[in-house]
Amino acid sequence: MGSLQTSANLSCLCVSVRGGVQGFSTVVRQVGFNSWLLQGRIRSRKIQSLCVRSSFNNAGGSSSSEEKGLLLGAERDSSGSVVGFQLIPHSVTGDATIVESHDIVADDRDDLSEDAEQKEKPPTKLTFNIIFVTAEAAPYSKTGGLGDVCGSLPVALASRGHRVMVVSPRYLNGGPSDEKYANTVDLDVRATIHCFGGPQEVAFYHEYRAGVDWVFVDHPSYRRPGTPYGDIYGAFGDNQFRFTLLCHAACEAPLILPLGGFTYGEKCLFLANDWHAALVPLLLAAKYRPYGVYKDARSIVLIHNIAHQGVEPAATYHNLGLPPEWYGALEWIFPTWARAHALDTGETVNVLKGAVAIADRILTVSQGYSWEITTPEGGYGLHELLSSRKSVLNGITNGIDVSDWNPSTDEHTASHYSIRDLSGKVKCKTALQKELGLPIRPDCPLIGFIGRLDYQKGVDIILSAIPELMQDDVQFVMLGSGEKQYEDWMRHTENLFKDKFRGWVGFNVPVSHRITAGCDILLMPSRFEPCGLNQLYAMRYGTIPVVHSTGGLRDTVKDFNPYAQEGEGEGTGWTFSPLSREKLLDTLKVAISTYIEHKSSWEGLMKRGMERDYSWENAAIQYEQVFEWAFIDPPYVR
């Protein structure tokens, strides 16, 4: 960061801070300051702050000092209440001492040197203590979009000044993936949790990374081969136990873990992700608030996929560690047609249903999905309850990791390109054709599919459309794994159309990047898609999405209109509905003809997609608004 050359009205306190760099940085992050503030600006306002001068011992043992431009303080409104914080740090080494107090007259100039193209981040109005509770968080654990969200969104929120903790299980399976926890440290704090008929002891591991406190709950039930949810034999039979432990431990963590010397305390915002964490809002209301604990906390349930709700037999309710009188909040009765046999009463407990009924607010991963789950077709039985809580139901589209998915720097692609120079995309296409053994034809439309091979992703619709599509002058590549029937079909189709079709069974991250960069069109005929990420990756890489008009796909892909804006066109791709073989083929043929016959329109499509803001920063700002709403009213259940 350049030298500080701006003026402001500052009132500085005289305080001595000792203990070196580590001690100082620990204090800073306790009040929610993180790396984003390195890029902060000082405007015309009053800031009560700390001005730090650091001294250090050099190799010869002598002491020297140097003025460091570090300002740490609370921004107050006219009544004197703290409304935010500011920090403009330089590196600090050794012992730091505040030596003087002074005032500087403010004006509205911003003379901080920075890159001219860098965007100024919208200011954070309020800062919160945020607790993410999740079954997975990348890069530590990931099976899909849930891991991506809980690995990226906390970092984006922390960069905006919030204090953020992520609580997730410490999965150990005895393989190479265990190395992901190599930098975690045992906090030497144990918690005894009363559930499932007796006391259960859990430990906590911690890593402070990217401005976030990553906390991992350790218990023998998390140490086994397989995914977070199951192995080759199916889902683990004790998943209800494993995620009940997670929820109880997550509620204890802000109270007992001295992270950086300070606990998060009771005034927290809990973000419970999917059914695995859905017990958290219920515990706050039933276990803690009756005893005056967490009376100022709030909870938000974030639904990534409502098809999974954590439904178990009613007899398991007493295992959850909730008072008996709360059974009605989780009670769930299956309709007669869905019961296993005539003597089945259909009585179950549904933890996601309980969270929807109790949480202060409800979020989904796209606006379209927030509407779909209120319909009988998309709500999986919870549509009436969700409709009754529409006033607190919102959808926010996920962001993507724009540093990892960046065509101008992607280490996995054959050539780099950008919105200003698209020439590298053709090189990526020819390199992909060569890698897959397809004829190298830069002008032939190359269509791609990346995803699970299952019913949700509409693979059966692709299967039915391929024979007719292969009659056109196109090439098609699919990457994915899933149901064996679709994997076998991909291999068979590759043999039938050797010069036009390639199927890669399995999943490979570098290959997914190369397909995204090398294809002209990305096809996503998902039956439902809460958000979807591949269409966002595609547009960032100038690859045009053709998607079924559902959920997050409908939200993020704007239909191409060549006649809009005085003939310059608008839109970033094509959506189609209903989901059928005929409609998919019709839409693909429109896209193919546009690619072949209207190059200028196609380039406009590419550039409009590439220039959109896909960052988590944009999503984080929207999350902040919902956080503020959550604290406007008292807790929904007191």
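Nothing here was measured: the structure is a model prediction, and the numbers come from that model.

Before going further, it helps to examine the overall build of the protein chain. The helix and strand inventory of the protein chain stands at 17 helices and 26 strands. The proportion of buried residues among the 638 residues of the protein chain is 54%. Taking the contacts inside the protein chain whose residues are at least 6 apart along the sequence as the reference set, 72% of them involve residues at least 24 apart. Total accessible area on the protein chain is roughly 27,500 Å²; 52% of this is exposed by carbon and sulfur atoms.

This part covers the sheet that holds strand β23 (residues 501-505). The strands that make up a sheet are held in pairs by hydrogen bonds between backbone atoms, and each pair lies either parallel or antiparallel. What the 6 strands build is an open sheet, ordered β23-β22-β21-β24-β25-β26; its pairing is parallel. Only two strands of the sheet have a single neighbouring strand rather than two, namely β23 and β26 (574-576). The average angle at which neighbouring strand axes cross in this sheet is 15 degrees, direction not considered. As judged from the 2 bridges shared by strand β21 (residues 446-450) and strand β24 (residues 521-524), these two strands associate in the parallel manner. Each bridged residue has a counterpart across the sheet, and for G448 the counterpart in β24 is L522. Against the sheet, helix α11 (residues 484-496) contacts β22 (475-480) and β23, and its axis sits at roughly 145 degrees relative to β23.

Now for the nonpolar core. Core analysis: the biggest nonpolar cluster contains 104 residues, and F204 and I303 have the highest contact counts within it. Top contributing element to this core by residue count: helix α3 (residues 239-256), with 9 residues. In contact with F204, not counting residues within four places along its chain, are V185, D186, L187, V189, A191, V215, F216, V217, A249, A253, I256 and L257. Ranked by size, the runner-up nonpolar core spans 62 residues in total, among them M490, M539, L585 and A591.

The next point concerns the pattern of salt bridges. Once the charged atoms of two side chains with opposite charge are near each other, the side chains can pair. Scanning all chains against the criterion turns up 21 salt bridges. The partner of R452 in a salt bridge is D454, and the shortest N-O contact between them spans 2.9 Å. Of the charged contacts in the structure, one is a salt bridge between R491 and D488, with a shortest N-O distance of 3.1 Å. Residue R491 and its partner D488 are both found in helix α11; the two are separated by 3 residues, about one turn of the helix. Note on R491: relative accessible area 43%, which makes it partly exposed. Members of the salt-bridge network, linked through shared partners, are E468, R581, E582 and K589.

Time to look at the packing of helix α2 (residues 145-159) against helix α17 (residues 616-632). Interaxial distance between α2 and α17 falls to 9 Å at its minimum, and their mutual angle equals 75 degrees. The angle between α2 and α17 places the two elements in the roughly perpendicular class. Residues V149, S152, L153, A156, L157 and S159 of α2 lie in contact with α17, whose contacting residues are W616, E617, A620, Y623, E624 and F627. Of the residues contributing to the contact of α2 with α17, the split by class is 8 nonpolar, 2 polar and 2 charged.

In this section: unusual backbone geometry. Cis rather than trans, the peptide bond between A138 and P139 has omega equal to 5 degrees. Along the chain, P139 falls in the loop between β7 (129-133) and α2. Omega for the bond connecting S577 with P578 falls within 30 degrees of zero, at 5 degrees, which places this linkage in the cis form. In this structure, D188 takes a positive phi of about 60 degrees despite not being glycine. Here D188 lies in strand β9 (residues 185-195).

A few words now on the packing of helix α10 (residues 459-469) against helix α15 (residues 581-597). Look at α10 against α15: their axes get within 9 Å of each other, and the N-to-C directions meet at 50 degrees. The pairing of α10 with α15 is recorded here as oblique in orientation. Between α10 and α15 lies a crossing of right-handed hand. Packed against α10, whose contacting residues are I461, S464, A465, E468 and L469, the element α15 presents R581, L584, L585, L588, K589 and I592 at the interface. Class assignment for the residues of the contact of α10 with α15 results in 7 nonpolar, 1 polar and 3 charged.

In space, the 9 strands of this open sheet follow the order β9-β10-β11-β8-β7-β14-β15-β19-β20, with mixed pairing throughout. Here the strands that pair on one side only, and so sit at the sheet edges, are β9 and β20 (393-395). Here the average twist between neighbouring strands, direction ignored, is 25 degrees. Bridge count between β7 and strand β14 (residues 269-273): 4 bridges; the pairing is parallel. Looking at the pairing, I131 lines up with F270 of β14.

Our focus in this paragraph is the state of the cysteines. A complete count under the given rule lists 0 disulfides for this structure. Cysteine C251 is unpaired, with the sulfur of C247 as its nearest cysteine sulfur at 7.0 Å.

Two faces, one strand: in a regular strand the side chains alternate between the faces of the sheet. Counting buried residues in strand β25 (residues 544-548) gives 5 out of 5 residues, a clear majority hidden from the surface. Of the two faces of β25, the one carrying I544, V546 and H548 and the one carrying P545 and V547 are both buried. As paired strands, β24 and β25 are joined by 4 bridges and run parallel to one another. Within β25, the residue paired with I521 across the bridge is I544.

Time to look at helix α6 (residues 351-358). Most of α6 is tucked away, with 7 of its 8 residues classed as buried. Looking only at α6, the buried set comprises V351, L352, K353, G354, A355, V356 and I358. The residue sitting at the N-terminus of α6 and contributing the capping side-chain oxygen is N350; that oxygen lies 3.2 Å from the backbone nitrogen of L352.

With that out of the way, let us pick up the confidence of the model for the protein chain. Model confidence for the protein chain is summarised by a mean pLDDT of 84, while 81% of its residues fall at 70 or above. A low-confidence stretch, residues 1-118 (pLDDT under 50), is modelled with 221 contacts involving residues beyond four sequence positions or located in other chains.

Tracing the backbone shows E384 in helix α8 (residues 383-388). Taking the relative accessible area as the measure of exposure, E384 reaches 63% and is therefore exposed. Here the alpha-carbon distance between E384 and I373, two residues 11 residues apart in the chain, equals 9.3 Å.

Before going further, it helps to examine the packing of aromatic side chains. The full count for this structure, using the stated rule, is 22 aromatic pairs. Look at F128 and F627: their rings are 5.9 Å apart centre to centre, the planes differ by 80 degrees, and that puts the pair in the edge-to-face class. Placement of the pair is F128 in the loop between β6 (95-97) and β7 and F627 in helix α17, with a sequence separation of 499 residues. Ring geometry for F560 and W574: centres 5.6 Å apart, planes at 75 degrees, overall edge-to-face. Taken together, the residues span a long stretch of sequence, with F560 in the loop between α14 (551-556) and β26 and W574 in strand β26 at a distance of 14 residues. Neither F560 nor W574 differs from the other in exposure class; each is buried.

Cut-offs used in this document
Residues numbered from 1 in each chain as written. Predicted model: local features only at pLDDT ≥ 70, side-chain atom pairs only at ≥ 80, totals over all residues. Heavy atoms only, no water. Helix = DSSP H or I, 4+ residues; strand = E, 2+ residues; numbered from the N terminus. Buried < 20%, exposed > 50% of the residue type's maximum accessible area, 1.4 Å probe, protein only. Contact = heavy atoms within 4.5 Å. Areas by Shrake-Rupley, 256 points an atom, 1.4 Å probe, with all protein chains shown as cover. Pairing = 2+ DSSP bridges. Axes fitted to C-alpha atoms, helices over the stretch in contact; angles between N-to-C directions. Core = buried A, V, L, I, M, F, W, Y, C linked by side-chain atoms within 4.5 Å. Salt bridge = Lys/Arg side-chain N within 4 Å of Asp/Glu carboxyl O. Parallel < 35°, antiparallel > 145°, perpendicular 65-115°, else oblique. Nonpolar A, V, L, I, M, F, W, Y, C, P; charged D, E, K, R; others polar. Left-handed = near helix turned anticlockwise from the far one by under 90°. Disulfide = S-S within 2.5 Å. Polar contact = N/O pair within 3.5 Å; in protein donor to acceptor, adjacent residues only side chain to side chain. pLDDT = per-residue confidence, 0-100. Phe/Tyr/Trp six-rings, centres within 6.5 Å; stacked < 30°, edge-to-face > 60°.

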